[in-house]
Amino acid sequence: MADLTPTPDRPGLHVSKPSPNTPATGSAVCHCGASATATGDSQVKALVEGYTASHGPAHGDGGGRR
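Notes on the structure follow. This structure is a prediction, so every number in the text was calculated from the model and none was measured. (Residues numbered from 1 in each chain as written. Predicted model: local features only at pLDDT ≥ 70, side-chain atom pairs only at ≥ 80, totals over all residues. Heavy atoms only, no water.)

We now examine the pairing of strand β3 (residues 35–39). The pairing of strand β2 (residues 25–29) with β3 spans five bridges and is classified as antiparallel. If you follow Gly26 over to β3, its bridge partner there is Ala38. Counting the residues between successive antiparallel strands, the hairpin from β2 to β3 contains five residues, one of them, Gly33, with a positive phi of roughly 105°. (Pairing = 2+ DSSP bridges. Helix = DSSP H or I, 4+ residues; strand = E, 2+ residues; numbered from the N terminus.)

Pasting the structure below:
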C-alpha cells in the first residue's frame, strides 16, 4: 500500500484508526506550509476540524500548489 502521509509536495490530511481499541492518529500538511500531527481520538478530531476550517479547502484556491 502506498504511503498516504501528507508531505509539502503532496499536501492533505490523513487519519488512521486501525481498530476500535487503538487511538486514532492524524497528520496534516497544507500547501501554505502549515503542518500538524495528533494522536488520540479527540486530538485527531480537533486536528481535522482545524485543518478544514483554516487550511486545505478553506484557503479558497482549491488546494492549488504554490
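There's plenty left to go through after this.
Turning next to the environment of His59. Position of His59 among the secondary structure elements: in the segment after α1 (41–54). For the pair formed by His59 and Cys30, sequence separation is 29 residues and the distance between their alpha carbons is 9.4 Å.

All right, on to the sheet that holds β2 then. Spatial strand order, β1-β2-β3: three strands in an open sheet with antiparallel pairing. Sheet topology places β1 (12–16) and β3 at the edges, where each strand pairs with a single neighbour. With strand direction ignored, the average angle separating the axes of adjacent strands in the sheet is 5°. Sheet contacts for α1: β1, β2 and β3; angle to β2, the most-contacted strand, approximately 20°. (Axes fitted to C-alpha atoms, helices over the stretch in contact; angles between N-to-C directions. Contact = heavy atoms within 4.5 Å.)

In summary, the side chains of a regular strand alternate between the two faces of the sheet. Within β2, four of the five residues are buried, which leaves the element mostly enclosed by the surrounding structure. Bridge count for β1 against β2 is five bridges, and the pairing is antiparallel. Residue His14 lies in a different strand from β2, and its bridge partner there is Ser27. (Buried < 20%, exposed > 50% of the residue type's maximum accessible area, 1.4 Å probe, protein only.)

A separate point is the nonpolar core. One finds Ala24, Ala28, Cys30, Ala38, Val44, Leu47 and Tyr51 forming the largest nonpolar core, which totals seven residues. When residues in this core are grouped by element, the largest group, three residues, is from α1. Ignoring any residue separated from it by four or fewer positions in sequence, one finds Ala24 in contact with Ser16, Lys17, Ala38, Thr39, Gly40, Asp41 and Val44. (Core = buried A, V, L, I, M, F, W, Y, C linked by side-chain atoms within 4.5 Å.)

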